[in-house]
Amino acid sequence: MADKEKPRGGCLSTFLVVMMIANAGVAIIYAKELFNQHVHIHIPTWALISTGIFGLVNFCAAIAMWRWRKWGVYTFCGLAPIIFLINIVLHISPYQALAGFLGPLILIALVRRVWPQME
């Protein structure tokens, strides 16, 4: 079945576009901060690097989901606990860190209907 024949739905399409934009933005912002001589945020270098890489990986996962690949869903949901732990180590509020699980929960709710169509 060709991609254009599969109904994605407006909510899933919107979610994936927002995910692509947000994760590309995260990767760019952290890369800029990493290479900036006067870093304005107090985040350790390892956290800037890992968060930037995870932003790129999540961007790729969103593209994979757009192209109906299940590994994109697994990747996005699998990174959520890792990012949660990084946020806890960085002393982010536990409530803000837990909010990071909203994305995977929303994604699962949106993908359930089209899961059989994914490869």
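Up top you'll find the structure we're talking about.
All figures in this text were calculated on a predicted structure; none of them were measured in a lab.

What counts as what
Residues numbered from 1 in each chain as written. Predicted model: local features only at pLDDT ≥ 70, side-chain atom pairs only at ≥ 80, totals over all residues. Heavy atoms only, no water. Axes fitted to C-alpha atoms, helices over the stretch in contact; angles between N-to-C directions. Helix = DSSP H or I, 4+ residues; strand = E, 2+ residues; numbered from the N terminus. Parallel < 35°, antiparallel > 145°, perpendicular 65-115°, else oblique. Left-handed = near helix turned anticlockwise from the far one by under 90°. Nonpolar A, V, L, I, M, F, W, Y, C, P; charged D, E, K, R; others polar. Core = buried A, V, L, I, M, F, W, Y, C linked by side-chain atoms within 4.5 Å. Buried < 20%, exposed > 50% of the residue type's maximum accessible area, 1.4 Å probe, protein only. Contact = heavy atoms within 4.5 Å.

Caption draft 1: Geometry of the packing of helix α1 (residues 10-35) against helix α2 (residues 45-66). For the pair α1 and α2, interaxial distance at closest approach is 8 Å and the crossing angle is 155°. Regarding the angle of α1 to α2, the classification is roughly antiparallel. As for how α1 packs across α2, the hand of that crossing is left-handed. Among the residues making up the contact of α1 with α2, the classes are represented as 18 nonpolar, seven polar and one charged.

Caption draft 2: Just the nonpolar core, in detail. In this structure, M19, M65, F76, L107 and V111 are the most contacted members of the largest nonpolar core, which totals 15 residues. Looking at this core, the elements that each hand over two or more residues are α1, α2, α3 (70-89) and α5 (102-111). When residues of this core are assigned to their parent elements, the largest contribution, five residues, is made by α1. Setting aside chain neighbours within four positions, we find V111 in contact with L12, V73 and M118.

Caption draft 3: The arrangement of the environment of M65 in detail. Position of M65 among the secondary structure elements: in helix α2. Residues M65 and L110, 45 residues apart in the sequence, show an inter-C-alpha distance of 11 Å. Aside from chain neighbours lying at most four places away, what touches M65 is L16, M19, G72, V73, F76, L107 and M118.

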